[in-house]
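In case you want the letters, here they are:
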Amino acid sequence: RDLLLDLEDRLRAEAIKAYEVVKREFSLNRKRSRELEGQTRFRLQEQGYEEVVQLHGGHLLVDGVMLNSDLKVFQPFARFSGPEIGVILGFAAMPEPRKIPPKNMSRAAGVTLNVSLQPDLLRDEKSPKPNDIFVLFLTARDRERAGMIEEIAIGVIGASYKDFIFYESLDKFLSGYAADPVVPDGPDES
């Protein structure tokens, strides 16, 4: 929960920063400004993502998540260990809410994770495990308001990279987490 909230705060802040830097430093027409803002926003968010996931115990996977294959990862993905299932969390920008981010080499490698890894090759907690799942932390810029994010979501893309097998806005996803642990009362002894 804290990881997701920190990612949300950081990525929203980076979007505003990209807008402000482009507006302040470059005298470009609207189209070029929006294009430069998009590139700047993604790079700032990507770096912010790396910093936040590491603060929360994520292990960045670099250059070759997929052992014994030609599938490479060039984007920041982080592995979080779980008792039985780990999560490989990636970051991607969506063109608009609920629209799958463009397929690239890194995300294509990520979505095939459970299919292609061999258990005997994976020996430390930093490496992907056969029962890990690949999840994306997704942002969609606000097309009407420069510098703003319209939606942040959690998504799992199917191995064929054709559709989401799970998609929820961050707000809805987090609604399943209580702010403080709820301790049930014991039986009434009256």
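In case you missed it, the structure is sitting above this.
Residues numbered from 1 in each chain as written. Predicted model: local features only at pLDDT ≥ 70, side-chain atom pairs only at ≥ 80, totals over all residues. Heavy atoms only, no water.

**Some words on the pairing of strand E2 (residues 77-80)**
Thought 1: In E2, alternate side chains face the same way, and those of Phe77 and Arg79 on one face and Ala78 and Phe80 on the other are all buried.
Thought 2: Sheet topology note: the strand E1 (residues 59-61)/E2 ladder contains three bridges and is antiparallel. Residue Leu61 lies in a different strand from E2, and its bridge partner there is Phe77.
Thought 3: By the bridge criterion, four bridges tie E2 to strand E3 (residues 87-94) in an arrangement that is antiparallel. For Phe80, the partnering residue across the bridge sits in E3 and is Val87.
Thought 4: Hairpin connection between E2 and E3: a loop of six residues separates the two successive antiparallel strands. (Buried < 20%, exposed > 50% of the residue type's maximum accessible area, 1.4 Å probe, protein only. Helix = DSSP H or I, 4+ residues; strand = E, 2+ residues; numbered from the N terminus. Pairing = 2+ DSSP bridges.)

**Describing the sheet that holds strand E6 (residues 164-169)**
Thought 1: One open sheet holds the six strands; their spatial order is E1-E2-E3-E4-E5-E6, and the pairing between them is mixed. For this open sheet the edge positions go to E1 and E6, each flanked by a neighbour on one side alone. Pairs of neighbouring strands in the sheet enclose a mean axial angle of 30°, with direction left out of account.
Thought 2: For strand E4 (residues 133-141) and strand E5 (residues 149-157), the ladder comprises six bridges, and the chain directions are antiparallel. What sits directly across from Ala140, in E5, is Glu151. (Axes fitted to C-alpha atoms, helices over the stretch in contact; angles between N-to-C directions.)

**Notes on the packing of aromatic side chains**
Thought 1: Tallied over the full model, the rule gives five aromatic pairs.
Thought 2: Residues Tyr49 and Phe91 carry aromatic rings whose centres are separated by 6.1 Å and whose planes lie at 25° to one another, so their mutual orientation is stacked. Highlighted residues: Tyr49 in helix H2 (residues 30-55) and Phe91 in strand E3, separated in sequence by 42 residues.
Thought 3: Here the aromatic residues Phe42, Tyr49 and Phe91 are joined through ring pairs into a cluster of three or more. (Phe/Tyr/Trp six-rings, centres within 6.5 Å; stacked < 30°, edge-to-face > 60°.)

**A closer look at the pattern of salt bridges**
Thought 1: One pass over the full model with this rule turns up nine salt bridges.
Thought 2: One salt bridge in this structure joins Glu25 and Arg24, with 3.0 Å as the shortest N-O distance.
Thought 3: Two residues, Lys31 and Glu35, come together in a salt bridge whose shortest N-O distance is 2.7 Å. Residue Lys31 and its partner Glu35 are located together in helix H2, separated by four residues, close to a single helical turn.
Thought 4: Among the residues examined, Lys31 registers a relative accessible area of 57% and is labelled exposed. (Salt bridge = Lys/Arg side-chain N within 4 Å of Asp/Glu carboxyl O.)

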